[in-house]
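Examination of the molecular architecture
Residue-level listing of the chains:
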Amino acid sequence: MWELKTTPLSADAFRPFGEVIETDNASEIRLINKGTTTRFHDIAPVDVSAEGGHPLISIFRGKPFDFPIRIEMMERHPLGSQAFMPLSARPYLIVVAHDESGAPGEPVAFLAAPGQGISYHRNVWHHPLLALEEVSDFLVVDRGGKGDNLEESDCAVIYEIVA
Ligand SMILES: NC(=O)N[C@@H](O)C(=O)O
Ligand code: NI
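The following paragraphs examine the structure supplied in this document.

The rules behind each value
- Residues numbered from 1 in each chain as written.
- Chains lettered and ligands numbered in written order.
- Predicted model: local features only at pLDDT ≥ 70, side-chain atom pairs only at ≥ 80, totals over all residues.
- Heavy atoms only, no water.
- Pairing = 2+ DSSP bridges.
- Helix = DSSP H or I, 4+ residues; strand = E, 2+ residues; numbered from the N terminus.
- Donors = N, O, S within 2.8 Å, 3.2 Å for Na, K, Ca; no water.
- Tetrahedral: all angles 85-135°; square planar, octahedral: opposite > 155°, others 65-115°.
- Buried < 20%, exposed > 50% of the residue type's maximum accessible area, 1.4 Å probe, protein only.
- Axes fitted to C-alpha atoms, helices over the stretch in contact; angles between N-to-C directions.
- Core = buried A, V, L, I, M, F, W, Y, C linked by side-chain atoms within 4.5 Å.

By the bridge criterion, five bridges tie strand β4 (residues 28-32) to strand β5 (residues 37-41) in an arrangement that is antiparallel. When the sheet's bridge partners are listed, L31 is paired in β5 with T38. Connecting β4 to the next strand, β5, in antiparallel fashion are four residues, including N33 with a positive phi near 55°.

On to the coordination of the nickel ion (ligand 2). Around the nickel ion (ligand 2), the protein contributes the donor atoms E75 (OE), H77 (NE2), Q82 (OE1) and H126 (NE2), at 2.1 to 2.2 Å from the metal centre. For the nickel ion (ligand 2), the six donor atoms in the first shell make angles of 76 to 177° at the metal, a pattern classed as octahedral. As a motif over one chain, the donors of the nickel ion (ligand 2) read E-x1-H-x4-Q-x43-H. What makes Q82 buried here is its relative accessible area of 5%.

Moving on, we come to the sheet that holds strand β3 (residues 18-21). Taking strand neighbours across the sheet as the criterion, the five strands line up as β3-β13-β8-β16-β6 in an open arrangement whose pairing is antiparallel. For this open sheet the edge positions go to β3 and β6 (54-62), each flanked by a neighbour on one side alone. Between one strand and the next, the sheet's axes are offset by a mean angle of 15°, whatever the strand orientation. As defined by bridge partners, β3 adjoins strand β13 (residues 117-120) across four bridges and the pair is classed as antiparallel.

Below, the discussion takes up the nonpolar core. L9, F14, I94, V96, F110, I118 and Y120 are the most contacted members of the largest nonpolar core, which has 17 residues in total. If one sorts the elements of this core by residue count, strand β9 (residues 92-97) sits on top with three residues. Core analysis: the second largest hydrophobic core is formed by 14 residues, M74, V95, A109 and I161 among them.

Encoded structure:
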């Protein structure tokens, strides 16, 4: 088993895999509603229209994982992006990987700070939701519609996140 170290989530480090959803990452900041609201505009695209798909808003309630956490498989969504915005002010883990000839390469693990969301680009290998500490709710924006939008693959070796 190989140890997988985590690094703090940042927009730059995560860019090859998707976007970090946080106010600092807005493409534009607009004062709206007669100045009573600030719009942090266009933080991440929603890419769900492939093969006639449509956007879904769901809530995922994740049970917390206890360390050490084994990373044995990854998944990806060939037809759409998938965004997670935590509704609880708790950290959580994100594990992603580049594609290597149709299978996930060496995983990269990020620790999200409370309040940081993420959006995986379409077809990016990632581990299913990894909540920490307590049961945690996430607002999820992803694709609904026909077609197989879930591909799973075992990791070439088993990784362990120790803390
Ligand atoms: N399967 C499902 O809806 N969840 C996963 O895609 C995930 O990334 O958690
Ligand atoms: Ni997913």
